[in-house]
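Fold and geometry: a report
One-letter residues, chain by chain:
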Amino acid sequence: MKLRKLSVILIIALGIAFPAAVFAKPITINWWHAQRSARGEVVKNMINEFNASQSDYEVVGTFKGNYDETMNAGVAAFRAKKQPHLLQVFEVGTQTMMLSGAVYPVFKLMKDMGYDVDWSRYLQAVLSYYMNADGNLMSMPFNSSTPIMYYNVDMFKKAGIAPLSKSTPVTWDEMGEITKKLVSGGIAPAGLVTGWQSWTQIENYSAIHNIPFASKANGYEGLDCELMINNPQVVNHITRLKTWADDKRFMYGGQKYQGPKSEFIAQNAAIYIDSISGIAKLKKAVKDFKWDTAPLPVEAGTAKPQNSIIGGASNWVLNGHSKAEYKGVAAFLKFLASNKMQEYWHMETGYFPITIDSYESLKAKGYYAANPFQEVGINQLNRAIPTKISRGLRLGYFVQIRNIINEELELVWNGKKSPQKALNDAVARSNVQLRTFEKTYK
Amino acid sequence: MIKRSFFKSKYLPYLLILPQMLVTLTFFYWPAIQGIIQSFLLSDPFGRQSKFVWFYNYIELFTDPLYLKSIFTTLVFSIAVASVSISLGLFIASMANRALRAKALVRTMLIWPYAVAPAISGIMWLFLLHPSYGVVALAIKKWLGVDWNPVLYGSDAMVMIVMASAWKQVSYNFVFFMAGLQAVPKSLIEAAAIDGASPFKRFWYITFPLLSPTFFFLTVMNIIYSFFETFGIIHTVTQGGPGGSTNILVYKVYQDGFVGLNLGSSSAQSVVLMSLIIVITFLQFKFVEKKVQYGG
């Protein structure tokens, strides 16, 4: 009897003395993401590092498929009230997430959890894509890229073209000359090929030249926005590409990146426009020729080109969890933004580091001198302060709108429609989507 | 000679069909009804707000010229797939039926493609016919001088997905035709041969009428296959492009609903698709089945 009493007292005493160490397990933070294979490994390593660095929280990362599958998983989980704490969503889903009422804005989370983050030390062209109209950050940028130009150095040499500058963009007129030399000299079967045509040739073309993509500051300032891509500048650009397509200075290689990339690798095209994430892929795949990178071309007479815009994904904090858990989420987000993690992420995947500090630290270490390809994109992104037009796009049903633009452009390339007609139709069809979206949320 | 079973208890039959009814109700009727309800709503994906909008989603669909084009594309596609795969299946089956040696082996080999998932079949055909790395495509371009480019030209893309979809279905049709052919009484064909009927006439007047139930069944199955199951092929090969020329209805449902998260429109499209397939099947039963000669 006495013994039993003693043991009970002992257990209680132990429990009081070491509450966390003995009985409490670390709080689990769930993160659903869309990174697999090589990038998935990098993500796993980052999570492991965080878990090893402290004992209060344990982040569990789960690969949920590609971007749309991950977003769908998040949506379904939220409806079933089983949502993760963090959900990675691609950039085109930003508007849907923002209006969902299901998210805990990141700027607020960090403030509530006692972190005083100096957002001005982040890459503004990256943050601005995920800010609301008041300039507050809604989600934490994770993987961000921007399109740049790749070119076949050997072919350029053969055609007697000087290598392109890594900081000053060539003009589209010069591009016309360059591609002409390459194709008419029989050096390259085709001049230019581009991946993600809507993103690189319309969205980024508009941002760089500060041309509105949509009204209401590209949709940031109201759901009642309308597409504006049938303006003379964009129509001219597409018309130019179409005339180039007719004499092989431009070739169409497909909507995504696989087709265009393989045309560049097979040396069917001398110049290739695509995301900076292509650097790693080309390094691996190209064996028999030298290539280099350059910023995207601009129109002649553009005194000061704007920043290009990003693509990629960000992490959203979802509602419906306890404060203790959110503390862990905030700690994890802060950890991800640390120099060490950002440098690791950038070096392994090629996606941008999101803070200026990590960029400068890499620069000081001589990383960019050793990897000159990498700096082209970052310079292009940082060369100007984002305007209301170049900061990003905020459109409902953006996935559908990109599909529409893809379809209409393809009808231009195969000669079924004139550029003006195709872009007019793209605007009209997209506006129908925008009105349906507006009606849903009104 | 029709066998009938009689149950003593009045309730036993109902009890016996109950499990099947439950399965059908939960996995077919319930989602279908949900889909019909959703098609009258505009709602955000997170389900926090939905609005009843009557026929808004349907009106949007049918005022969109591209949706009507997509219906047309689907019909062209499914007719092409069904006719190619049925005729090839029938041709191969009648050839294999005459094989003298290794009949079983030939049959097994011919059934194999059916085990290939549509997405894999799509990838394989893409590797053959892609304009920049497809082996066959490069050969066509080089030796025949054809400007083959399914990435750019809609008709080429259509040819490619029809081939990929039909190829897979040929084995399925082959199996049924093979079984059908074996059920054709040898004595009838021999009698006709003695009377001097040519092989073609023997086929046309004896084998074909006796195969008509199989033929009819396969037409229905192939149309349904090309409407729904070819999704994987479209997804891996063309993603509906170029310029929407291979955007069949089921792919558009996926694009708008799963990727684009427009649940209302996507549900309305599913309802249209369901009605379309019901109408087509009904018409087949009404007009084609009359010509079918069932045995016995």
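Note that the coordinates shown come from a computational prediction; the quantities given were computed from them, not determined experimentally. (Residues numbered from 1 in each chain as written. Chains lettered and ligands numbered in written order. Predicted model: local features only at pLDDT ≥ 70, side-chain atom pairs only at ≥ 80, totals over all residues.)

**Describing the overall build of chain B**
- Within chain B, the secondary structure is distributed over 12 helices and 2 strands.
- Start at the N end of chain B and walk to the C end: the helices and strands fall as α-β-β-α-α-α-α-α-α-α-α-α-α-α.
- On the principal axes, the C-alpha backbone points of chain B span a range of 75 × 75 × 30 Å.
- A total of 296 residues make up chain B; the buried ones form 33% of that total.
- Here the contacts in chain B between residues at least 6 apart in sequence split such that 69% fall between residues at least 24 apart. (Helix = DSSP H or I, 4+ residues; strand = E, 2+ residues; numbered from the N terminus. Buried ≥ 20, exposed ≤ 12 C-beta atoms within 10 Å, placed from the backbone. Contact = placed C-beta atoms within 7 Å.)

**Side note on the overall build of chain A**
- Scanning chain A from N- to C-terminus turns up 21 helices and 10 strands.
- For chain A, whose C-alpha radius of gyration is 25 Å, the value lies close to the compact-globule estimate of 22 Å for 442 residues.
- C-alpha extents for chain A along the principal axes are approximately 100 × 50 × 35 Å.
- Residue burial in chain A is summarised as follows: out of 442 residues, 51% are buried.
- Here the contacts in chain A between residues at least 6 apart in sequence split such that 76% fall between residues at least 24 apart. (Rg over C-alpha atoms; globule rule 2.2 N^0.38 Å.)

**Regarding the packing of helix 5 (residues 118–129) of chain B against helix 7 (residues 154–182) of chain B**
All names here are of chain B.
- Between helix 5 and helix 7, whose axes approach to 9 Å, the crossing angle comes to 130°. Relative to helix 7, helix 5 is oriented oblique. In the packing of helix 5 onto helix 7, the handedness of the crossing is right-handed. Across the interface between the two elements, Pro 118, Ser 121, Gly 122, Trp 125 and Leu 129 from helix 5 touch Met 160, Met 163, Ala 164, Trp 167 and Lys 168 from helix 7.
- Considered class by class, the residues forming the contact of helix 5 with helix 7 number 7 nonpolar, 2 polar and 1 charged. (Axes fitted to C-alpha atoms, helices over the stretch in contact; angles between N-to-C directions. Parallel < 35°, antiparallel > 145°, perpendicular 65-115°, else oblique. Left-handed = near helix turned anticlockwise from the far one by under 90°. Nonpolar A, V, L, I, M, F, W, Y, C, P; charged D, E, K, R; others polar.)

**Considering the sheet that holds strand 4 (residues 140–145) of chain A**
Residues and elements named next belong to chain A.
- Strand order in the open sheet formed by 5 strands is 2-1-3-10-4, and the pairing between neighbours is mixed. Among the strands making up the open sheet, the edge pair consists of strand 2 (57–63) and strand 4. Within this sheet the neighbouring strands show an average axis-to-axis angle of 20°, counted without direction.
- Pairing of strand 4 with strand 10 (residues 311–317) involves 5 bridges; the strand directions are antiparallel. In the sheet register, Met 140 faces strand 10, and the bridge partner there is Asn 315.
- Contacts from helix 3 (residues 37–53) reach strand 1 (27–33) and strand 2, with the element oriented near 170° to strand 2. (Pairing = 2+ DSSP bridges.)

**Structural notes on the environment of Trp 125 of chain B**
All names here are of chain B.
- With respect to the helices and strands, the residue Trp 125 is situated in helix 5.
- Using a count of 23 C-beta atoms within 10 Å as the deciding quantity, one classes Trp 125 as buried.
- Excluding residues that lie within four positions of it along the chain, Trp 125 makes contacts with Met 160, Met 163, Ala 164 and Val 237.

**Details of the interface of chain A and chain B**
- Taken together, the contacts link 35 residues of chain A with 25 residues of chain B.
- Elements that contribute at least two residues to the side of chain A that touches chain B include exactly helix 4 (67–79), helix 5 (94–99), helix 13 (258–265), helix 20 (398–413) and helix 21 (419–441) of chain A.
- Looking at the side of chain A that touches chain B element by element, the count peaks at 8 residues for helix 20 of chain A.
- Of the residues assigned to the side of chain A that touches chain B, the class counts are 12 nonpolar, 16 polar and 7 charged.

**So, the confidence of the model for chain B**
- Looking at chain B, pLDDT values average 89 and 97% of them are 70 or higher.
- Here the prediction assigns the complex a pTM of 0.88, and the interface score ipTM is 0.85. (pLDDT = per-residue confidence, 0-100.)

**Observations regarding the pairing of strand 5 (residues 147–152) of chain A**
Residues and elements named next belong to chain A.
- With 6 of 6 residues buried, strand 5 is to be regarded as a mostly interior element.
- Side chains Pro 147, Met 149 and Tyr 151 of strand 5 all project onto a buried face; the interleaved residues Ile 148, Tyr 150 and Asn 152 project onto the opposite face, where all are buried too.
- Sheet topology places strand 5 next to strand 9 (residues 291–294); 4 bridges connect them, and they run antiparallel. The partner of Met 149 across the bridge, within strand 9, is Ala 294.

**Concerning the sheet that holds strand 5 of chain A**
Residues and elements named next belong to chain A.
- Ordered in space as 7-6-8-5-9, the 5 strands form an open sheet in which the pairing is mixed. Since the sheet does not close on itself, it has two edges, and those belong to strand 7 (250–251) and strand 9, each with one partner.
- Docked against the sheet, helix 9 (residues 172–184) engages strand 6 (190–194) and strand 8 (269–275), running at close to 125° with respect to strand 6.

**Some points on the confidence of the model for chain A**
- Mean pLDDT over chain A: 92, with 95% of residues reaching 70 or higher.
- At the low end of the mean pLDDT range in chain A sits helix 2 (residues 19–23) of chain A, at 51; at the high end sits helix 12 (residues 232–246) of chain A, at 97.

**A look at helix 10 (residues 197–208) of chain A**
- With 12 of 12 residues buried, helix 10 of chain A lies mostly within the body of the structure.
- Buried within helix 10 of chain A we find Gln 197, Ser 198, Trp 199, Thr 200, Gln 201, Ile 202, Glu 203, Asn 204, Tyr 205, Ser 206, Ala 207 and Ile 208 of chain A.

**Here's the deal with the environment of Lys 108 of chain A**
All names here are of chain A.
- Positionally, Lys 108 belongs in helix 6 (residues 106–112).
- Residue classification places Lys 108 among the partly exposed residues on the basis of 14 C-beta atoms within 10 Å.
- Separated by 30 residues in sequence, Lys 108 and Met 138 place their C-alpha atoms 8.3 Å apart.

**Structural notes on unusual backbone geometry**
- Cis geometry is found at the peptide bond from Gly 241 of chain B to Pro 242 of chain B, where omega equals -10°.
- As for its position among the elements, Pro 242 of chain B is in the loop between helix 10 (231–237) and helix 11 (249–259).
- Within the chain, Trp 196 of chain A stands out as a residue other than glycine whose phi angle is a positive 40°.
- Residue placement: Trp 196 of chain A occurs in the loop between strand 6 and helix 10.
- C-beta crowding within 10 Å serves as the criterion here: with 21 such atoms nearby, Trp 196 of chain A is assigned to the buried category.
- A positive phi angle is found at Lys 216 of chain A, which is not glycine, with a value near 55°.
- Along the chain, the position of Lys 216 of chain A falls in helix 11 (residues 215–218).

**Some remarks on the pairing of strand 1 of chain A**
All names here are of chain A.
- Taking burial as the measure, the 7 residues of strand 1 include 5 buried ones, the bulk of the element.
- By the bridge criterion, 7 bridges tie strand 1 to strand 2 in an arrangement that is parallel. When the sheet's bridge partners are listed, Ile 27 is paired in strand 2 with Tyr 57.
- Note on the crossover from strand 1 through helix 3 to strand 2: the handedness is right-handed.
- Judged from the 2 bridges that link them, strand 1 and strand 3 (residues 86–90) form a sheet pairing that is parallel. Residue pairing for strand 3: Trp 32 is matched across the bridge by Leu 87. (Right-handed = clockwise from strand over helix to strand, strands pointing away.)

**Describing the packing of helix 12 of chain A against helix 21 of chain A**
Residue and element names in this part refer to chain A.
- Put simply, helix 12 and helix 21 touch, their axes get as near as 9 Å, and they point 130° apart. On the basis of their axis angle, the class for helix 12 and helix 21 is oblique. Our pair here, helix 12 against helix 21, has a crossing hand that is right-handed. Contacts from Val 234, Val 235, Ile 238, Thr 239 and Lys 242 of helix 12 reach helix 21 at Pro 419, Gln 420 and Leu 423.
- When the residues that make up the contact of helix 12 with helix 21 are grouped by side-chain class, the tally is 5 nonpolar, 2 polar and 1 charged.

**Comments concerning the nonpolar core**
- Core analysis: the biggest nonpolar cluster contains 166 residues, and Val 126, Tyr 151 and Ala 269 of chain A have the highest contact counts within it.
- Setting aside chain neighbours within four positions, we find Tyr 151 of chain A in contact with Phe 156, Leu 164, Ala 270, Ile 271, Trp 291, Asp 292 and Ala 294 of chain A. (Core = buried A, V, L, I, M, F, W, Y, C linked by C-beta atoms within 7 Å.)

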